[in-house]
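Residues per chain are reported as follows:
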Amino acid sequence: MGKPNESKQELERSMNLGQSIIFVVGLIIGSGIFLKPATLLSSTGSTGGALLTWLLGGAITIASALTVAEIAAYIPKIGGLYTYLTELAGKRIAFLFNWAYIIISEPGSVAALCIAASSFASYFVPMTDLQQKALSIGLVLILVVTQILSTKGSVWLEVVATIGKLAPMAIIVVFGTFSGNVGHISMTPVEAAPAGIGVALLSVLWGYEGWVSCCAMADDMKNPARDLPKAIVLGVAVVIFVYVSFSFAIYAVLPADQIVGSSHIAVDVAVALFGEGGAALITAGMMISVFGSANAVLACGARNTKAMGEKKQMLGAETLASLHPKFGTPSAALIFQGVLTILFILSGTYDTITNMLTFTMWIFYTAGTVCIFKLRKAYKHNPELYSVPLYPVIPLIGIGGGVFVFFSVLVGDPLNAVLGVGITLIGLPIYLWCEKHYGTAEDGKPSLEA
């Protein structure tokens, strides 16, 4: 089977395993765990049901992550899932995934995270909606400039941000678990009418969103074939533990009827545990959390954009594929993503953006999980590389979960489902234009010059 071409301009390999695990954790833990517990409680109808949904979403995510990790071990190249789909599912499916990723998911995620950070900042300095949008745009500009100047700088920013976000969460987990009332955790329905497991899973999977994006960092790792699968699996496992523990503490501290309808539930819990001073600490931690996650998502999105440029599957391909002549970073791809992110900030809302991108991305995550069967046939088994355990049971769990989410959301939230699919399919004319303009050849290399 043909292999996608390597970039002629190589990224610096500077990330070790420890940094990679931290990057995965920082990439995933963003705003969802702070903003979704109340929504999740309303959707499931009980605190016990909400916790079980976090576990269910985590099980679907880890099953898919365990599977994709094997693909990453055999194809440890820049582009992540985009590259895997190119080799194992075909160019068009791969293109549609990366089109949806760089047009919807990545800029939408960064926009939602920066909007959340600005919202948390208003706890300290009251701001109007317009001022919050201006601050959100300012945060995007800071991230873009930082990553253009240095990949190492963005990695260390992620390390600091991840430590900063986990510290206040750990405080709430410890004090909330031991001083809260475990009796609040039950399957007893709250007054809110449950929205159904499909809508609840959508909220949970947004919390886990980003796990597959770390595959795009393969070219930044010192030993991607060995470290990338470990980083994916261990990183997702840490996040599942953190989410369930944090949610358990929240539901133990406050009764369900006080949680439903809260827009800043983590702040409310901090006030109940430590007073206003504690609330300020937790809010600062949430700001660091979402800012750090935005940093990681932007880094991965730029690398997927660069990969599409290398394969001549985007307008302005040569520019998007280039590296900065002085700093060696994907500056054009970063600027492209920054512009799209700002457009989302100006036009979108948190819930609309997160629901649409989560639904759309899980269509392709499921397709990526299916690719494990093609991989096993196309590649000779290497005992030195990672293999998904309990094959084919684990892959089937991930596939089954993805299919369930797709049909549940299609029934429960058809507007966002149709919108996400529609924007994705708009990419087809772009693909056909690039195919005609650049020509086609094996391995994604254009046979004609632009």
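The paragraphs below set out a description of the structure included in this document. (Residues numbered from 1 in each chain as written. Predicted model: local features only at pLDDT ≥ 70, side-chain atom pairs only at ≥ 80, totals over all residues. Heavy atoms only, no water.)

1. Regarding a nonpolar patch on the surface
Nonpolar side chains collect at one region of the surface, where Ile171, Val174, Phe175, Phe178, Phe274 and Leu281 lie side by side and expose about 590 Å² of accessible area between them. When you line up the elements, Phe274 lands in helix H12 (residues 265-274). Look at Phe274 and you get partly exposed, because its relative accessible area is 32%. (Patch = residues over 30% accessible without salt bridge, like charges linked within 9 Å, V, L, I, M, F, W, Y side chains within 5 Å. Areas by Shrake-Rupley, 256 points an atom, 1.4 Å probe, with all protein chains shown as cover. Salt bridge = Lys/Arg side-chain N within 4 Å of Asp/Glu carboxyl O. Helix = DSSP H or I, 4+ residues; strand = E, 2+ residues; numbered from the N terminus. Buried < 20%, exposed > 50% of the residue type's maximum accessible area, 1.4 Å probe, protein only.)

2. Regarding the packing of aromatic side chains
Within the structure shown, the criterion is met by 14 aromatic pairs. A network of ring pairs unites the aromatic residues Trp54, Tyr208 and Tyr243 as a single cluster. The positively charged end of Arg376 is found above the aromatic ring belonging to Tyr391, 3.9 Å away from the centroid. (Phe/Tyr/Trp six-rings, centres within 6.5 Å; stacked < 30°, edge-to-face > 60°. Lys NZ or Arg CZ within 6 Å of the ring centre and 35° of its normal.)

3. Focus on the pattern of salt bridges
Per the counting criterion, the structure on display carries four salt bridges. Taking the shortest distance from any N to any O, the salt bridge between Lys306 and Glu310 comes out at 2.3 Å. A residue pair is termed a helical-turn pair when its members lie 3 or 4 positions apart in one helix, as Lys306 and Glu310 do in helix H13 (residues 276-310) at four residues.

4. So, helix H16 (residues 350-378)
Taking 1.5 Å per residue as the helical rise, H16 with its 29 residues ought to reach 42 Å, and the 41 Å between its terminal C-alpha atoms agrees with that figure. Largest kink in H16: about 30°, centred on Ile372. (Expected span 1.5 Å × (residues − 1). Bend = angle between axes of the 7 residues up to and from the residue.)

5. Observations concerning the packing of helix H7 (residues 129-149) against helix H15 (residues 331-347)
It is the contact of H7 with H15, at a shortest axis distance of 10 Å, that shows an interaxial angle of 170°. Put simply, H7 runs roughly antiparallel to H15. Contact with H7, carried on its side by Lys133, Ser136, Ile137, Val140, Leu141, Val144, Gln147 and Ile148, involves Ser331, Leu334, Ile335, Gly338, Thr341, Ile342, Ile345 and Leu346 of H15 and no other residues of that element. Taken together, the residues that form the contact of H7 with H15 break down as 10 nonpolar, five polar and one charged. (Axes fitted to C-alpha atoms, helices over the stretch in contact; angles between N-to-C directions. Parallel < 35°, antiparallel > 145°, perpendicular 65-115°, else oblique. Contact = heavy atoms within 4.5 Å. Nonpolar A, V, L, I, M, F, W, Y, C, P; charged D, E, K, R; others polar.)

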